[in-house]
Amino acid sequence: MDLVEVLPQRLHMLRFPIGQAYLWREGEGGSEALTLIDSGHAGAAGEIEGAVRSLGLAPERLERIVLTHCHRDHVGAAEEIAGRWGAEVVAHRLDAPVIRGELPVPEPVLLDWELPLYAHGLTVPQAPPTRVDREVEDGEVLPFGGGAVVVVVVHAPGHTPGSIGVHLPHHGVLFAGDCIAGVGQVMLGVFNVDRAQAQASLRRLAALSPEVACFGHGDPLTEDAAAVLLAATRSEPVLP
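Predicted model, so just to flag it, every value in this text is computed and none were measured. (Residues numbered from 1 in each chain as written. Predicted model: local features only at pLDDT ≥ 70, side-chain atom pairs only at ≥ 80, totals over all residues. Heavy atoms only, no water.)

## Description of the sheet that holds strand S7 (residues 134-136)
Pairing is mixed across the open sheet formed by 7 strands, whose spatial order is S1-S2-S3-S4-S5-S6-S7. If you trace the sheet from one side to the other, it starts and ends with strand S1 (2-7) and S7, each paired once. Strand-to-strand twist of the sheet, defined as the mean angle between neighbouring strand axes without regard to direction, takes the value 25 degrees. Here strand S2 (residues 11-15) runs beside strand S3 (residues 20-26); their pairing, made up of 5 bridges, is antiparallel. Its bridge partner lying in S3, Arg15 is registered against Gln20. Packed on one face of the sheet, helix H3 (residues 78-85) meets strand S4 (33-37), strand S5 (62-66) and strand S6 (88-92) and runs near 160 degrees to S5. (Pairing = 2+ DSSP bridges. Helix = DSSP H or I, 4+ residues; strand = E, 2+ residues; numbered from the N terminus. Axes fitted to C-alpha atoms, helices over the stretch in contact; angles between N-to-C directions. Contact = heavy atoms within 4.5 Å.)

## Details of the pairing of strand S9 (residues 151-155)
Walk down a regular strand and you will see the side chains alternate between the two sheet faces. Counting buried positions over the 5 residues of S9 gives 5, a clear majority of the element. Every second residue of S9 is oriented toward a common face, with Val151, Val153 and His155 on one face and Val152 and Val154 on the other, all of them buried. Inspection of the sheet shows strand S8 (residues 141-142) paired to S9 by 2 bridges, in the antiparallel sense. Within S9, the position partnered with Val141 by the bridge is Val152. Of the strand pairs in this sheet, S9 and strand S10 (residues 164-168) are connected by 4 bridges, and their pairing is antiparallel. Paired with Val152 across the bridge in S10 is His167. (Buried < 20%, exposed > 50% of the residue type's maximum accessible area, 1.4 Å probe, protein only.)

## Focus: the sheet that holds strand S11 (residues 173-175)
Spatially, the 5 strands line up as an open sheet ordered S8-S9-S10-S11-S14, and their pairing is mixed. Unpaired on one side and paired on the other, S8 and strand S14 (212-214) mark the two borders of the sheet.

## Notes on the pattern of salt bridges
Evaluation of the coordinates by the stated rule reveals 13 salt bridges. Across the pair Glu32 and Arg25 runs a salt bridge whose closest N-O atoms are separated by 3.0 Å. Arg25 sits in the buried class, given a relative accessible area of 5%. With a shortest N-O distance of 3.0 Å, Glu102 and Arg100 are connected by a salt bridge. Assessed through its relative accessible area of 25%, Arg100 is described here as partly exposed. (Salt bridge = Lys/Arg side-chain N within 4 Å of Asp/Glu carboxyl O.)

## Topic: the packing of aromatic side chains
When we look at a pair of aromatic rings, we describe it by the centre distance and by the angle of the planes. Counted according to the given criterion, the structure contains 2 aromatic pairs. Plain terms: the ring middles of Tyr118 and Phe191 are 5.2 Å apart, the flat faces sit at 75 degrees to each other, and that makes the pair edge-to-face. Of this pair, Tyr118 sits in helix H5 (residues 115-121) while Phe191 sits in the loop between strand S13 (187-188) and helix H6 (195-206), placing them 73 residues apart in sequence. On the accessibility criterion, Tyr118 (21% relative accessible area) is partly exposed. By relative accessible area, which is 15% here, Phe191 ends up buried. (Phe/Tyr/Trp six-rings, centres within 6.5 Å; stacked < 30°, edge-to-face > 60°.)

Function cannot be read off these values alone, since they describe shape.
Rendered as structure tokens:
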């Protein structure tokens, strides 16, 4: 796992062989409150703890894990991490039953060129059933991030029914999960259950005009993020 600073003293990316998570910190003096956006694959809890400690932070200060959707490379370590440190697990209402293991993972409608990528993605260990302490809906506010409007959940279905973006308007930061990908170029994310919905979600997230955009796969955008996201919407045909 690689630990990459995105915003000094505020945001780090945890990059795994497949997929990535993000660590948001606020406060100072080693007693910062911590939030994870996604959790990496099953078995990654020890690596995540090591990364947190390497920053001089206390894993016990992890207050919440926000899951952008139900796929194994995003939720796999959440149960172990939450069990170790008592963090609250947050997910959208529509993906929560999948994360808990009550429903199967929804099958994507794959394009031909996505087939080998999807097969490779399935090499990630299957996620164990994971508790969800808080089920959220579009427009709900989460208590971190500072500012008058703290963190807003943006329902962005299409990749999965309960995919979400996490928007920190005070900081101009958007976590897009797998709704948008940044591998090679910024584009619509792959492996969607409903491509037309996914395209509409891409347009909705781009309209937030963030200064920093963080993806589940690919490097974050820290310059010209709003313009790059807008260009990505224009490259996508509008499906009915």
